[in-house]
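Given next are the chains, with one letter for each unit.
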Amino acid sequence: MKEPLLSALKAHDFTAIRNICFALPEEEKAQIKKQTQHKDWENIFEKKHLSYEIRYVITYLMMCVCNSVEELLSVEKQLDFTSVKSFHTRIKYPLFFLNSQHSQAFMDFIHTPEGAYMIAGAQQVFELSPRSFSIEILLALYTEGIIPFNEEIFVKNLYDIEYYRKQETEAAEVLLEYPELATRVIPHTAKYIDYVISSGLEWQKVFTLLCKKNYFPDKSFATSFIEVLLNPWKKNVLDMYCRWIEGLVPTEEELLPSQHTLFALLTLDKSSLINFAMKCIAQISTHPDFDFQAFADNFALCFTVPKIAKSQLIGVEILEKYYQKQTPINPDYREQLAVLFTVPDVKLQEKVASLLTTYFNQEGLPEVIAPYRDYLKGKAQDLLATLSPS
């Protein structure tokens, strides 16, 4: 292997690699392929271990000296780079370069007479092992009409971007190049992603960056993200969706269609979901179409859930704002509210005591409070001290 080609390999210069290899006589190409199995790539690249990027460069070299898919597969088998396995599909990557993010280098290759053979190769891999593609190359091939659109594959491969994009800004930049993802792919995430995307890449931040760029013409798909929170999935998957919804920064109007789903989350006895739901409910609680009665009924079902005092306080404050405008018509609700005195949170107890003495101070209130007097703290104790059983 001569110096110009070695320099191009070390520089990861795909254009130079391609041009040099295409100009080589067949004997030299054959020699490169023949040495594949025994080549000391670590010494050539002066690295102790071959990174993914270096493996992609070596694979690109082999693409450029091969003349058919069958020949390339044989060479790649000797390289043994395709033993890399996906976290989710546990498949081997045939035609390894298809998993790289170097879509321009790949498209430049297949647009040459020497590289056109890889068009059929890419189509074959799409049929047999579509999860082997990076989202960049998948999108590039789709854009040129080489492969068809497949909603499930595009969604799952999009979230595989994490394996080689560790910065949220980098991931966002890729997505911004393809506006179609905002309407045809990301909105369908909840249909197919029922596992944790575990990486250093925080999709919550990616979504927020995209929102700042007005990437999504319509975020009504946030309702589907909220709906999956009712599924009996693992906690870490549900928490992931909560973060994603927050990253989308939904408006009051975008959250309102999901209000009854959010109310239902209050009944699940899952503190993380209740805390998430209550923040969303607070955001829509002043909207004219907010279903207050449905909220109040469902809210009462989380009064005994531990470790959600802040959310319970937010809920009581929502009740208070509504009662300031309209006197409560169900005096029996005070019996449910009184249960909150068992929560050892001073601010919450004080707010509940204020609510009861202001809006539910009808006959029999002292008897309602009596079972909970030993739990009372601070100002709540003072507010209720004057009440005595009749």
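See above for the structure.
Keep in mind that this is a model prediction, so the values were computed, not measured.

Caption draft 1: Looking closely at the overall build of the protein chain. Each helix and strand in the protein chain was counted, giving 25 helices and zero strands. Its C-alpha radius of gyration of 30 Å places the protein chain more than 25% over the 21 Å reference for a compact globule of 390 residues. Seen along its three principal axes, the alpha-carbon backbone of the protein chain occupies a region of about 105 × 40 × 30 Å. Out of the 390 residues belonging to the protein chain, those deemed buried represent 52%. Long-range contacts, defined as pairs at least 24 residues apart, comprise 71% of the intrachain contacts of the protein chain with a sequence gap of at least 6. Here the protein chain displays about 18,600 Å² of accessible surface, and carbon together with sulfur accounts for 50% of that area. Of note, the protein chain has its 39 positive side-chain charges centred 6 Å away from the centre of its 50 negative side-chain charges.

Caption draft 2: Expanded view of the nonpolar core. In terms of nonpolar packing, the biggest core is built from 146 residues, with Phe 106, Trp 203 and Phe 295 touching the most fellow members. Looking at which element gives the most residues to this core, the answer is helix H5 (residues 52–65), with ten residues. Each residue touching Phe 106, except ones within four places of it in the same chain, is listed here: Tyr 60, Met 63, Phe 97, Leu 98, Met 118, Ala 122, Ile 137 and Leu 141.

Caption draft 3: Structural context of the side chain of His 287. With respect to the helices, strands and loops of the structure, His 287 is situated in the loop between helix H19 (271–284) and helix H20 (292–299). Here His 287 falls in the buried class, since its relative accessible area comes to 11%. At 2.9 Å, the side chain of His 287 forms a polar contact with the backbone nitrogen of Asp 289. In this view, His 287 contacts Glu 252, Glu 253 and Leu 256; residues no more than four positions away in its chain are not counted.

Caption draft 4: Layout of helix H2 (residues 14–23). The complete set of buried residues in H2 reads Phe 14, Ile 17, Arg 18, Cys 21 and Phe 22. The buried residues of H2 occupy one face: seen down the axis, they fall within an arc of 115°. Where the residues of H2 are buried, they touch helix H1 (3–10), helix H3 (26–34), H5 and helix H7 (103–110). Capping the start of H2, Asp 13 holds a side-chain oxygen 3.3 Å from the backbone nitrogen of Thr 15, two or three residues further along.

Caption draft 5: Here's a closer look at the layout of surface pockets. By volume, the largest pocket is sized at about 210 Å³. No other element matches helix H21 (residues 309–325), which puts four residues into the lining of the largest pocket. In terms of residue class, the lining of the largest pocket is built from four nonpolar, three polar and two charged.

Caption draft 6: Just the packing of aromatic side chains, in detail. Counted according to the given criterion, the structure contains 37 aromatic pairs. Measuring from ring centre to ring centre gives 5.7 Å for Phe 14 and Phe 97, while their planes differ by 70°; the resulting arrangement is edge-to-face. Of the two residues, Phe 14 sits in helix H2 while Phe 97 sits in the loop between helix H6 (69–79) and H7, which places them 83 residues apart along the sequence. Per residue, the accessibility class of Phe 14 equals that of Phe 97, and both read buried. Judged by centre distance (6.0 Å) and plane angle (45°), the ring pair of Trp 233 and Tyr 241 falls under tilted. Using a relative accessible area of 0% as the deciding quantity, one classes Tyr 241 as buried. Connected via pairs of aromatic rings, a cluster forms that spans Phe 14, Phe 22, Tyr 52, Tyr 56, Tyr 60, Phe 96, Phe 97, Phe 106, Phe 109 and Tyr 117.

Conventions adopted
Residues numbered from 1 in each chain as written. Predicted model: local features only at pLDDT ≥ 70, side-chain atom pairs only at ≥ 80, totals over all residues. Heavy atoms only, no water. Helix = DSSP H or I, 4+ residues; strand = E, 2+ residues; numbered from the N terminus. Rg over C-alpha atoms; globule rule 2.2 N^0.38 Å. Buried < 20%, exposed > 50% of the residue type's maximum accessible area, 1.4 Å probe, protein only. Contact = heavy atoms within 4.5 Å. Areas by Shrake-Rupley, 256 points an atom, 1.4 Å probe, with all protein chains shown as cover. Lys, Arg positive; Asp, Glu negative; His and termini not counted. Charge placed at Lys NZ, Arg CZ, Asp CG, Glu CD. Core = buried A, V, L, I, M, F, W, Y, C linked by side-chain atoms within 4.5 Å. Polar contact = N/O pair within 3.5 Å; in protein donor to acceptor, adjacent residues only side chain to side chain. Arc of directions from axis to C-beta. 1 Å grid on protein atoms, 1.4 Å probe; cavity = no way out; pocket = protein on both sides within 12 Å on 5 of 7 lines; lining within 4 Å. Points joined across faces, edges and corners; volume = space filled by probe spheres on them. Nonpolar A, V, L, I, M, F, W, Y, C, P; charged D, E, K, R; others polar. Phe/Tyr/Trp six-rings, centres within 6.5 Å; stacked < 30°, edge-to-face > 60°.

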